[in-house]
Amino acid sequence: MFLLPDEVLSAVLARVETVKDRNSFSVVCRRFYEMDRIHRNHLKVGCGLHPAHQALLSLCKRFSHLSSVEIAYSGWLSSDGEQIGDEGLFILATVCTSLTKLSLNFCGFIRDPGFAKLANLGANLEVLLLNFIPGITGRGLLSLVSGCQRITTLKLTHCMQVKSMEWLELLGRKGRLEHLSIKHCKGIGEADLGKLGNGWRGLQEFHFEVDPTQRYTEVFVAKDSVSQQLEPICKKLRVLSLKNCLANPSQGLAQVLMHSEALVRLHLDTCIGVRDEDMVLIAMRCTQLKYLSLRVPSNYSTSARQREAAKLTDTSLKSIAEHCLQLEEVAICSVDGDFPSFASFSGVGVSAMVQWCPLLRRLTLDAPYAFSDSCMQVICASESLEILQLARCQEVSDLGMGFVAKSHLCELHLCQCLGITDAGFAPLLGSNKLARLLVQDCPAISETGILGVAKTVVCKSGDRSGVDFTAL
């Protein structure tokens, strides 16, 4: 190792990813120390850094080529010492001249003045990730955006004091923003998104999530002043994720859905106002869609007439299956699947989607209405489907499980499927047909009864962490 040229040693160091291994590498000898000092481009600090600002300054001077810095104080207590505050951002802007990415998590002592200092000196900043920064407001973001001309990625999560939208308007005028994520920021609503203006044209990825505790079904009829502002076609938008949002017909976010023809990933989780006719238009325009996740809202508080008008049905699924032939992964969750009068998607629509999508390889279903053994027969006949995840599919019995033995499935996940017993896996015993079987909270299935069904068998109870219901 000591005889290796710097180029080879640098290539070796590039493969050392963990901080612990990097630190071990640097204490071998002075040469290794110097090599690590020059080539380390990421730094993560948080609890235990004391005194905070002096230690940060020392680290930044040691690693002079840092391009990414993460400051995280999750779980911080006052006994852990002081947090990095505004002075820390000034240190980063002054010493880390190559800084392009900054991530701040649970930083309670960083406020607007700190962002103003960062704006004056951090002109190279391209990626900014803010998670639970209670001291930041719209004014602080505006000063940062004014000084940092190269920001392409901005993610705001639990930034409760951000209310004024001048910063978003400025980002739109610059036209450099490619990735925007706004989650659980109660001062930012659907009506504020129009401030981005022509910035929608260059946006490639957009995530918007509202805290469900602040969302009431009654505000479905709330005024939407951005229908004209969101008219520009989102030609480059490839990833769109909306959760607990309002999509008033022909207004606001509904316009974004209608004009995003380049979409590859679409995630709609409890979005009030999305109708069958909207999904039909999306299907006709977004023909390159590969990943789709739909979770329909529970509208118990609305009248039957309103609920029926804003309901998604099998018509949406059939239209998607007809036009989006590139689909590879689909996740469908019917919140009201146990109640026929409220049900949206049924086994008929799901079966049509599986039959008409030749590239579908992963399917996740959570409580689809009337999803029975006959639907399982259709799904298992698919030649492309590799992974099937079923949750709360109570009409599927051992008979339906028998079709798995004749399918091309590699992985099967079951969660809270009460109609399936050990007997349903008898055709699979010793066949090694499945590479992986995951069973969660299925009381009629025993751990001993499924041994030998797959190469890897996991049986859990009490959680659903092993099943991915978003497909995104």
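Residues numbered from 1 in each chain as written. Predicted model: local features only at pLDDT ≥ 70, side-chain atom pairs only at ≥ 80, totals over all residues. Heavy atoms only, no water.

J.: Explanation requested: the overall build of the protein chain in the structure shown.
T.: Helices and strands together make up the secondary structure of the protein chain, namely 15 helices and 16 strands. When burial is assessed residue by residue, the protein chain has 52% of its 472 residues classed as buried. Considering only intrachain contacts with a sequence separation of at least 6, the fraction spanning at least 24 residues in the protein chain is 75%. (Helix = DSSP H or I, 4+ residues; strand = E, 2+ residues; numbered from the N terminus. Buried < 20%, exposed > 50% of the residue type's maximum accessible area, 1.4 Å probe, protein only. Contact = heavy atoms within 4.5 Å.)

J.: Help me understand the confidence of the model for the protein chain in this model?
T.: For any part of a model where pLDDT is low, the fine detail of the predicted coordinates should not be relied upon. Overall, the predicted model of the protein chain reaches an average pLDDT of 86, with 88% of residues at or above 70. For residues 216–229, every residue scores under 50 in pLDDT, and the model assigns this stretch 24 contacts once sequence neighbours within four places are set aside. Taken together, the stretch residues 300–306 has pLDDT below 50 and engages in 7 contacts with residues farther than four places along the chain or on a different chain. (pLDDT = per-residue confidence, 0-100.)

J.: Even after reading the chapter, I still don't get the side chain of H184, so can you show me in this structure?
T.: You can see H184 is positioned in the loop between β6 (179–183) and β7 (205–209). Only 2.6 Å separates the side chain of H184 from the side chain of E209, close enough to count as a polar contact. Here H184 is in contact with H158, C159, M160, E209, V210, D211 and P212, once residues within four sequence places are set aside. (Polar contact = N/O pair within 3.5 Å; in protein donor to acceptor, adjacent residues only side chain to side chain.)

J.: I would appreciate a short explanation of helix α4 (residues 52–62) in the present structure.
T.: Residue pairs spaced three or four apart in an α-helix point in one direction, given the helix's 3.6 residues per turn. If you check which residues of α4 are buried, you get A52, H53, A55, L56 and C60. Angular distribution of buried residues about the axis of α4 spans 160°; they occupy a single face of the element. Among the exposed residues of α4, those oriented more than 90 degrees off its buried face are Q54 and K61. Of the surrounding elements, those touching the buried residues of α4 are β1 (42–46) and α5 (86–95). (Arc of directions from axis to C-beta.)

J.: What should I look at first to understand the pattern of salt bridges in this one?
T.: When charged atoms on two side chains of opposite charge get close, those side chains can pair. Per the stated rule, a full pass over the model turns up 8 salt bridges. With a closest N to O distance of 3.1 Å, D278 and R275 form a salt bridge. Note on R275: relative accessible area 18%, which makes it buried. Connected through shared salt-bridge partners, R275, E277 and D278 make up one network. (Salt bridge = Lys/Arg side-chain N within 4 Å of Asp/Glu carboxyl O.)

J.: Explain the packing of aromatic side chains here, please?
T.: Given two aromatic rings, one states the distance between the centres and the angle between the planes to describe the pair. Tallying each qualifying case throughout the model produces 4 aromatic pairs. Plain terms: the ring middles of W200 and F206 are 5.0 Å apart, the flat faces sit at 75° to each other, and that makes the pair edge-to-face. Judged by its relative accessible area of 1%, W200 falls in the buried class. A relative accessible area of 0% means that F206 is categorised as buried. These aromatic residues form a ring-pair network of at least three members: W200, F206 and F208. (Phe/Tyr/Trp six-rings, centres within 6.5 Å; stacked < 30°, edge-to-face > 60°.)

J.: Can you help me understand the state of the cysteines in this one?
T.: Under the counting rule described, the total for this entry stands at 0 disulfides. Unpaired in terms of disulfides, C271 finds its nearest cysteine sulfur in C245, a separation of 4.8 Å. Overall, the relative accessible area of 6% leaves C271 in the buried class. (Disulfide = S-S within 2.5 Å.)

J.: Help me understand helix α10 (residues 276–285), please; the structure alone is not making it clear to me.
T.: Taken together, the buried positions of α10 are occupied by D276, D278, M279, I282 and A283. The buried side chains of α10 occupy one side of the element, clustering within an arc of 155° when seen end-on. Buried positions along α10 lie against α9 (253–258), β9 (265–269), β10 (291–296) and α12 (314–323).

J.: What is the right way to read the environment of V264 from this model?
T.: Locating V264 in the fold gives a position in the loop between α9 and β9. Residues V264 and R238 lie 26 residues apart in sequence; the distance between their C-alpha atoms is 5.0 Å. For V264, the residues in contact, after removing those within four places along its chain, are R238, Q288, L289, K290 and Y291.

J.: Help me out: how do you make sense of the nonpolar core in this one?
T.: Side chains that are nonpolar tend, in soluble globular proteins, to be buried together. Formed by 125 residues in total, the largest nonpolar core has its most connected members in W167, F206 and F425. With 5 residues, the top contributor of residues to this core is α9. In contact with W167, other than residues within four places in its own chain, are G138, L141, L142, V145, L154, L156, V162, I182 and I188. One finds L13, F25, F32 and M35 within the second-largest nonpolar core, a separate group that totals 6 residues. (Core = buried A, V, L, I, M, F, W, Y, C linked by side-chain atoms within 4.5 Å.)

J.: For this particular structure, what's the right way to read the side chain of E70?
T.: Assignment of secondary structure puts E70 in strand β2 (residues 68–72). Lacking a salt bridge, the buried E70 has K44 as its closest oppositely charged neighbour, with an N-O distance of 4.0 Å. Once residues within four sequence positions are removed from consideration, E70 is found in contact with H42, L43, K44, V45, S103 and N105. (Lys, Arg positive; Asp, Glu negative; His and termini not counted.)

J.: Sorry, what's going on with the packing of helix α7 (residues 138–147) against helix α8 (residues 166–174) here?
T.: To describe two helices that pack against each other, one gives the angle between their axes and the distance between the axes. It is the contact of α7 with α8, at a shortest axis distance of 8 Å, that shows an interaxial angle of 25°. Looking at the two axes, α7 sits roughly parallel to α8. As for how α7 packs across α8, the hand of that crossing is left-handed. Every residue of α8 that contacts α7 at G138, L141, L142, V145 and S146 is listed here: E166, W167, L170, L171 and K174. Across the contact of α7 with α8, the residue classes break down as 6 nonpolar, 2 polar and 2 charged. (Axes fitted to C-alpha atoms, helices over the stretch in contact; angles between N-to-C directions. Parallel < 35°, antiparallel > 145°, perpendicular 65-115°, else oblique. Left-handed = near helix turned anticlockwise from the far one by under 90°. Nonpolar A, V, L, I, M, F, W, Y, C, P; charged D, E, K, R; others polar.)

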